[in-house]
Amino acid sequence: MASLLLHATLLISLFLSSPSNAQSSTPRPRALILPVSKDAPTSQYVVRIGQRTPQIQVEAVVDLGGRFLWVDCDAGYSSTTFRPARCRSAQCSLAASTSCGDCFSSPRPGCNNNTCGLFPYNPLIRTSTSGDLGDDVLALRSTDGSNPGPLATVPHFLFSCAPTFLLQGLASGAKGMAGLGRTRIGLPKQLSAAFSFRQNTAGTSVQGEPSYEYFIGVKSIRVNEKPVAVNATLLKIDEGGVGGTKISTVDMYTVLESSIYKAVTDAFSRETANISRATPVAPFGLCYDAKSIGSTRVGPAVPAIDLVLQSESVYWRIFGANSMVQVNDDVLCLGFVDGGVNARTSIVIGGHQLEDNLVQFDLATSRVGFSSSLLFRQTTCANFNFTSSA
């Protein structure tokens, strides 16, 4: 079994699987490494991917639940190996493209006649637009599990071109978004096919459609090991696809449906009654005087928050380093935000809560594993020992 490792401030391991159109021109690696950096102004997670001929490094914002890789093709996309995906081709079927169109200007990446289309989406501005499907060379660093290895190259990697305006809201320098969702043309499944990694079956479905995002089965919530009274119905996904808990890299902080948010913050407030409060700082609703909170190996000394999974003994424990946000020198805030009463997903675990946690997604078995905070092991994701391969 092979894995794609994303490392730096965020460490995610994806056990790759499933078929695709992509084929590799290099020997099968044991694993692939995709270094992640955090853009300070936006708190977005950014990767650099080798693409095109001649190869350049393309920066893309990581979207764990994104359907595919999309990049801006309007602003100087140049490559001798780019090929548009022609209408009614096997590539279009693989991408589940239902549109086919022409472009009334000189042919170029993002503008070709008789080309099937996709709809690249930027969740940061909640905007989708039309874009052409194409393929080009893609390269990532490999590893033998202990040391960096050579570049692993996929000569025909499917992605979507997008217009420049879709880059709005992305980190400076980013030219698109790297979708790691469980579609047939998401990065994990294309890479798994290219290097003949183990096959898997379709993912969880809602109303007959495969789910391409990553959901986990949270059954209850605890604060300081005490149960929090929440509406258990909201923790399940209903027939309309509403509810449940998913993991996201594009939400900066964990987002909770309003009633869950109130229950959690009320419980946390009770358990921290002896800590001096501070005026709330948006987008947070519960803040503290930083000087009144002690420090531990796993961050500020505050009660742990548990997301309980299939049993009371299986839970994702969130310590102070991941639950609290230092908004300025004097104020620490509980890093959860109110998602409103009509939230489609009841709990969205955001990037701040993922940092310095190892999260593994085994796509072959549709299972998720997690380490809780690596700070307990006196290390962080930034200490991952393959930084020389970036």
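Note that the structure is predicted; figures quoted are calculated from it, not measured.

**A look at the confidence of the model for the protein**
And step 1. With 87% of its residues at a pLDDT of at least 70, the protein reaches an overall mean of 87.
And step 2. Across residues 13-20, where pLDDT falls below 50, the model places 52 contacts with residues more than four positions away in sequence or in other chains.

**Things to note about the packing of aromatic side chains**
And step 1. Summed over the entire model, instances satisfying the criterion amount to 5 aromatic pairs.
And step 2. Ring centres of Phe-82 and Phe-159 lie 6.1 Å apart, and the angle between their planes is 70°; this geometry places the pair in the edge-to-face category. Within this pair, whereas Phe-82 is found in the loop between strand 6 (70-72) and strand 7 (83-84), its partner Phe-159 is found in strand 13 (residues 148-162), the two being separated by 77 residues in sequence.
And step 3. Here Phe-268 and Tyr-288 contribute two aromatic rings whose centre-to-centre distance is 6.3 Å and whose plane-to-plane angle is 65°, an arrangement assigned as edge-to-face. Placement of Phe-268 in helix 3 (residues 258-271) and of Tyr-288 in strand 23 (residues 287-289) is noted, with a sequence separation of 20 residues between them.
And step 4. The exposure class of Tyr-288 is buried, given its relative accessible area of 1%.
And step 5. Positioned over the ring face of Tyr-315 is Arg-222, at 4.7 Å from the centre of the ring.

**A word on unusual backbone geometry**
And step 1. Looking along the chain, the bond that leaves Thr-53 and enters Pro-54 is cis, with omega of -5°.
And step 2. Tracing the backbone shows Pro-54 in the loop between strand 4 (44-51) and strand 5 (56-63).
And step 3. Put simply, Ala-282 and Pro-283 share a cis peptide bond, and its omega is 10°.
And step 4. Tracing the sequence through the fold places Pro-283 in the loop between strand 22 (277-278) and strand 23.
And step 5. For Ser-43, which is not glycine, the phi dihedral falls at a positive 60°.
And step 6. With respect to the helices and strands, the residue Ser-43 is situated in the loop between strand 3 (31-39) and strand 4.
And step 7. We note that Arg-88 has phi near 65°; this positive angle belongs to a residue other than glycine.
And step 8. Residue placement: Arg-88 occurs in the loop between strand 7 and helix 1 (90-94).

**Concerning helix 3**
And step 1. A rise of 1.5 Å per residue sets the reference length of helix 3, with its 14 residues, at 20 Å; its end C-alpha atoms lie 20 Å apart and thus fit the reference within 8%.
And step 2. Within the span of helix 3, buried status applies to Ser-258, Ile-260, Tyr-261, Ala-263, Val-264, Thr-265, Ala-267 and Phe-268.

**Structural notes on the pattern of salt bridges**
And step 1. For the structure shown, the criterion picks out 11 salt bridges.
And step 2. Here Glu-271 makes a salt bridge to Lys-226, at a shortest N to O gap of 3.1 Å. With a gap of 45 residues between them, Glu-271 in helix 3 and Lys-226 in strand 19 (residues 226-227) connect regions that are remote in the sequence.
And step 3. A salt bridge links Asp-266 to Lys-262; the shortest N-O distance between them is 2.8 Å. With Asp-266 and Lys-262 both in helix 3 and 4 residues apart, this pair spans about one turn of that helix.
And step 4. Here the residues in one salt-bridge network are Arg-222, Glu-225, Asp-306, Glu-312 and Arg-317, joined through shared partners.

Basis of the calculations
Residues numbered from 1 in each chain as written. Predicted model: local features only at pLDDT ≥ 70, side-chain atom pairs only at ≥ 80, totals over all residues. Heavy atoms only, no water. pLDDT = per-residue confidence, 0-100. Contact = heavy atoms within 4.5 Å. Phe/Tyr/Trp six-rings, centres within 6.5 Å; stacked < 30°, edge-to-face > 60°. Helix = DSSP H or I, 4+ residues; strand = E, 2+ residues; numbered from the N terminus. Buried < 20%, exposed > 50% of the residue type's maximum accessible area, 1.4 Å probe, protein only. Lys NZ or Arg CZ within 6 Å of the ring centre and 35° of its normal. Expected span 1.5 Å × (residues − 1). Salt bridge = Lys/Arg side-chain N within 4 Å of Asp/Glu carboxyl O.

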